[in-house]
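# Structure at a glance
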Amino acid sequence: MRVNVTVNGEHRRADNVWEGESLLYVLRERLGLPGSKNACEQGECGSCTVYLDGVPACACLVAAGQAEGREVVTVEGLADGEALDPVQEAFVERGAVQCGFCTPGLLVAAHDLIGRVPDPSDVEIREALAGNLCRCTGYEKILDAVRDAAAKKAVR
């Protein structure tokens, strides 16, 4: 099967896709976009979260064929060329990135939250990130980073 998809604003094609392949596998292995991580393959950890037609989705749960003709934005697509998105900047500045495995999903979830709620409360941040598991940070630096990113976006 051939899958045609727009990824980070660029039309991409993957050939010889097996019907059971996930969008995550196609992104990482066929299209060379390793940002989204493969951790649980069950939609429980959030590491593979991408935007699918503007809505956050676990790429491990989306069959590649379901992405045909659709728009995907990965963690790589949050940046504007070399300029990091304020969410990405804040994660780096606040030390919210440790091993980095959960980071892509957390970045997409935080980006989505701030896009919907420009000045989120701590409860809103916690709810938005609830589907993302992190084993390294203890979450405080992540929460600080989301607060900072919201403040940076408000200034821009």
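For the structure, see preceding data.
So, a few notes on the structure that sits alongside this text.

So, how was this worked out
Residues numbered from 1 in each chain as written. Predicted model: local features only at pLDDT ≥ 70, side-chain atom pairs only at ≥ 80, totals over all residues. Heavy atoms only, no water. Helix = DSSP H or I, 4+ residues; strand = E, 2+ residues; numbered from the N terminus. Buried < 20%, exposed > 50% of the residue type's maximum accessible area, 1.4 Å probe, protein only. Salt bridge = Lys/Arg side-chain N within 4 Å of Asp/Glu carboxyl O. Pairing = 2+ DSSP bridges.

Residue position: Ala 83 is located in the loop between strand S5 (71-73) and helix H2 (86-93). Residue class for Ala 83 comes out partly exposed when judged on its relative accessible area of 42%. Sequence separation between Ala 83 and Ala 67 is 16 residues; the distance between their C-alpha atoms is 27 Å.

Inspection of every chain in the model, using the stated rule, returns 12 salt bridges. The partner of Arg 147 in a salt bridge is Asp 122, and the shortest N-O contact between them spans 2.8 Å. One end of the pair, Arg 147, is in helix H5 (residues 140-155); the other, Asp 122, is in helix H4 (residues 122-129), and 25 residues separate them in sequence. For Asp 122, a relative accessible area of 37% translates into the label partly exposed. The residue Asp 144 makes a salt bridge to Arg 147 at a minimum N-O spacing of 2.5 Å. Here Arg 147 and Asp 144 lie together in helix H5, a separation of 3 residues that amounts to about one turn. Residue Arg 147 is classed as partly exposed on the basis of its relative accessible area, which comes to 28%. A single salt-bridge network, built from bridges that share partners, covers Arg 94, Asp 122, Asp 144, Arg 147 and Asp 148.

Once that is clear, we can look at the pairing of strand S3 (residues 49-52). Here S3 shows two buried faces, one formed by Thr 49 and Tyr 51 and the other by Val 50 and Leu 52. As defined by bridge partners, S3 adjoins strand S4 (residues 55-58) across 4 bridges and the pair is classed as antiparallel. Within the sheet, the bridge partner assigned to Thr 49 lies in S4 and is Cys 58. Hairpin connection from S3 to S4: 2 residues lie between these consecutive antiparallel strands, with Asp 53 at a positive phi of about 50°. Pairing between S3 and S5: 2 bridges, direction antiparallel. For Leu 52, the partnering residue across the bridge sits in S5 and is Val 72.

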